[in-house]
Every structure is written in C-alpha cells, then in structure tokens.
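# An overview of the molecular structure
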Amino acid sequence: MNTTLKVINDMDYWNFFNASLTKMKSEGRYRIFQSLERCVGEFPYAMRQTSNGTQKTIIWCGNDYLGMGQNPDVIASMIETIQRIGAGSGGTRNISGTTNPHVFLEEEIATLHDQEAALVFTSGYVANETTLATLGSALPGCVILSDAHNHASMIEGIRHSKAEKIIFKHNDYGDLESHLQKIDPVRPKIVAFESIYSMEGDIAPIQELAEVSKKYNALVYLDEVHGVGMYGHKGGGIAQMRKISHLIDITQGTLGKAYGLMGGYIAGKAPLIDFVRSMAPGFIFTTSLPPSIVAGAVTSIQHLKQSRIERECHQSNAAYLKKKLEQTQIPYLESESHIVPVIVGDAKICKEVAKKLLNDYDIYVQPINYPTVPMGTERLRLTPSALHTFEMIDELVEALTAIWDAMSLKKAA
Ligand SMILES: *Cc1c(COP(=O)(O)O)cnc(C)c1O
C-alpha cells in the first residue's frame, strides 16, 4: 500500500537523543558502567577485562556491606531451592507466584523489625515508590512531609501519589514541626525520611523526628535501607540499635545491600501492610521474586540475626579507614556510619581520580556525580565492607594520597 501520510511533526528524535547525550558527556555526567565479575571466595575482589587481559580488581564502592552475597550458606540455600522449586516463581503474588519461601520471608522480616507483618517487593526502590504512592493517593487529603535529602525512590513515590508534598530541611525536626503546625489537624500526614543517608552517611535524629510526627498524629515512614543487617542486635537497623522501633509505623528496607541479594520490603502493623498488599499496583501487577532469591534472603536474615562478627568487622574497618584518611588529610565527610564519602567537588576531576585508581592501582570506586549529588560536591563514596582488611585499607589510602599529590588536589585542613 502506498502511504500518503502527511508528516505534520518534524521532531528529530535521534538528534534530540544524541544532543542530550553529548551535553551530558561535555558536563562530565555521562555514566559509564564498569563491567566486573566477582569471584566466589575472593570477596572483595573481582575480575575485570582490560586490553591487557583479565585484571584482579578490588571493589571499594559495593553495597554488599557484609559479604553476604558470597556467603556459602546463602549460596547453598539458593541452589537447593532452585533444584527443588525451579527457576522463576511462575506468577504474580496473587496469581500462583506465592511460594512457601515468600511466606517465610515475610514472617522473618516482621520479627526482624518487631512488627506485626511485612510485605516483600521486587526491590527497595519499588517498595518505597509503591508504598508511598499507594498511601499518599488512598488517604483522603493526605500530606507527605519529605526530608530534603530523601532517595529518588521516595521522591518518585510521593510524586506519583499526587498528594500534597512538603519538603522539610534535612534532619531538622524543628523545621518539620513548623510545617506540621500549619497543616489542618484533620488531614492525614506521612513523614518520610531515612535512617542513614546513602550519599553522606549521616544518621537522622530518628527519635526526635518520630516524636514530632506523633505529636501531630502523622504516620512515620523510615527508609532503613543502609541500616538493615548492619545495626541493631538482630540487624534490624538504626531504630533497633537506638531501641526506638516502636516509634516507627512503616520500616522500609532492602535485601540488596547488607543481605547480599535483591528485593525490598515494608514492615508495620497488620492492617496497614494488608492495605498496601491489597491496593498497591507495584506489588500486585508484577511477577514475584524467584523463590531461590527469597530463600537466600531468609538464610541471610537468619544468619545476621544471630551472628555479630560481620557487624563488628564492618564497623572496625570503617573506623580504621576514617582514621587513615584523617591522618593523610584526604577530605571526607565525617559521620557515625560506615559510608565514607571522599569529596572531590568537580565532576571531571572526580572521574579522573576514579580512572587513575582503576588503571594504575586496580582499585574500583565509581565516581558519584550530579544528579545523584549536588553539583560541586562530586565524590568517591567509599564503602568498606566486613571483609576488607586493614592492609587493603592501607593500600587504598596510599593510592589516594599519591593521586592527590600528583594532581595537586585540595587536602583537608
Ligand atoms: C539503594 C536504595 C534504595 C533502593 O533499594 P534497592 O533494593 O536497591 O532498589 C532505597 N533507598 C535508599 C536510601 C537507597 O540507598
């Protein structure tokens, strides 16, 4: 058939995409992924392909904080589950995709956080996005108060909820209260924040934020993604460590970081969890996680409920790394957590430092640039794990010092 369609729109899509990419490249914020293969038993090393063949490389920016992604019991339970149940789950949770491991995992997570119930999602991102979108749109006239540094997944969820959104100053419960005071008391309110901020490593004044929220009868929503597994006597996070879990209405977490797998969740009172289970599109209309991942997560959570050695090594490595950076005057953001951001402050220089670390020292740290962090605060986000050694830390800091000197970068006072 001869078509005589008249084109009334001369939008040049390909020019648009190419020009956008070129602009990102010229601004130094085009993302290049480093391809790596981790090797079982060799954590925190991985293999990377170079023009000179395979190169053994140490990972210094992973979120497998406790090495549980390489834990032999976790791996064994996953293999056993695949051989017994098969590969995928075969459906959504509602339609044939709920397996026994899914049910066990939700029970395990509820007890981890001393909550009545829990709900598992395909990722921490989806847990945040879907839960906030669902609650914010379902609660009539809801207002969501969101910390200025909240993760993209919460920001997207709040946006999709179409609820009124108020951003309060980072970790500032006085500012939060000044906003809460002005909201009509009859309106439902959700206050959403993180325990540990992923790019700064700073820890929120959870008790104060939660108490102010309770005073105005707001629901307290806490993202514990960078706390779960690593803090608290059972690995339940910062709220558990500070013995204030009872102040939290909704605890959100991930299975992808300290637990070493993938998946996300919320935990809270039974009616709230049941409501989200029944209403949330991002929970209902998607294939559930493979049972092997779910079984691995059960093993990982159970292990970290009992074992403290990983948490102790993790903390002592973070403290040692900070001490070494202090001594060598490499500028980093101080915090009480295990996340150690080294500030470079320029996208291109940040990339250059990372490139030198990789090419000259076989040290892998992904540069963190805008829009993940504000322009002018570009950084190398160092994440010591439980399985790094003091010797590895010494080598990292020696490499950083050599690069800092060679490039005449600014040192801390
Ligand atoms: C990584 C992260 C998430 C998302 O978790 P995933 O399981 O990786 O999707 C949510 N919140 C914060 C603060 C994070 O850093």
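Predicted model, so just to flag it, every value in this text is computed and none were measured.

## Details of the UniProt feature "domain: Aminotransferase class I/classII large" (unreviewed entry) in the chain
- The UniProt entry lists residues 57–400 under the feature "domain: Aminotransferase class I/classII large" (unreviewed entry), expressed in the numbering used here.
- Summarising residues 57–400: 44% helix, 15% strand, and an end-to-end C-alpha distance of 16 Å.

## Observations concerning the side chain of Ser288
- You can see Ser288 is positioned in the loop between helix 10 (281–284) and helix 11 (291–306).
- Among the residues examined, Ser288 registers a relative accessible area of 8% and is labelled buried.
- Within polar-contact distance, the side chain of Ser288 engages the side chain of Ser89 at 2.7 Å.

## Things to note about the sheet that holds strand 11 (residues 340–343)
- Pairing within the open sheet is antiparallel, and its three strands lie in the order 11-14-13. Because the sheet does not close on itself, it has two edges, and the strands there are strand 11 and strand 13 (367–368).
- In the packing of helix 12 (residues 309–328) onto the sheet, the strands contacted are strand 11 and strand 14 (379–382), and the crossing angle to strand 11 comes to about 20°.

## Points about the packing of aromatic side chains
- Under the definition given, this model contains five aromatic pairs.
- When the ring of Phe121 is compared with that of Phe283, the centres are 5.7 Å apart and the planes differ by 75°; the resulting orientation is edge-to-face. Note that Phe121 is positioned in strand 4 (residues 117–121) and Phe283 in helix 10, a separation of 162 residues in sequence.
- Phe121 sits in the buried class, given a relative accessible area of 3%.
- Through successive ring pairs, a cluster of aromatic residues spans Tyr13, Trp14, Phe16 and Phe17.

## Some points on the pattern of salt bridges
- Per the counting criterion, the structure on display carries 17 salt bridges.
- Two residues, Glu42 and Lys56, come together in a salt bridge whose shortest N-O distance is 3.2 Å. Here Lys56 lies in strand 3 (residues 53–59) and Glu42 lies in the loop between strand 1 (37–38) and strand 2 (45–50), a separation of 14 residues in the sequence.

## As for the site of the ligand
- Taken together, the neighbourhood of the ligand is formed by 14 residues, with Gly124, Asp223, His226, Thr254 and Lys257 sitting nearest.
- Within the side chain of Lys257, an N or O atom sits 2.8 Å from an oxygen atom of the ligand.
- Protein chains shield 84% of the accessible area of the ligand, which is 380 Å² for the free molecule.
- Looking at which element gives the most residues to the shell around the ligand, the answer is helix 4 (residues 124–138), with three residues.
- Across the shell around the ligand, the residue classes tally to two nonpolar, nine polar and three charged.

Rules used throughout
Residues numbered from 1 in each chain as written. Predicted model: local features only at pLDDT ≥ 70, side-chain atom pairs only at ≥ 80, totals over all residues. Heavy atoms only, no water. UniProt positions renumbered as here; feature names shortened; annotations may be inferred. Helix = DSSP H or I, 4+ residues; strand = E, 2+ residues; numbered from the N terminus. Buried < 20%, exposed > 50% of the residue type's maximum accessible area, 1.4 Å probe, protein only. Polar contact = N/O pair within 3.5 Å; in protein donor to acceptor, adjacent residues only side chain to side chain. Pairing = 2+ DSSP bridges. Contact = heavy atoms within 4.5 Å. Axes fitted to C-alpha atoms, helices over the stretch in contact; angles between N-to-C directions. Phe/Tyr/Trp six-rings, centres within 6.5 Å; stacked < 30°, edge-to-face > 60°. Salt bridge = Lys/Arg side-chain N within 4 Å of Asp/Glu carboxyl O. Near = heavy atom within 4 Å. Areas by Shrake-Rupley, 256 points an atom, 1.4 Å probe, with all protein chains shown as cover. Nonpolar A, V, L, I, M, F, W, Y, C, P; charged D, E, K, R; others polar.

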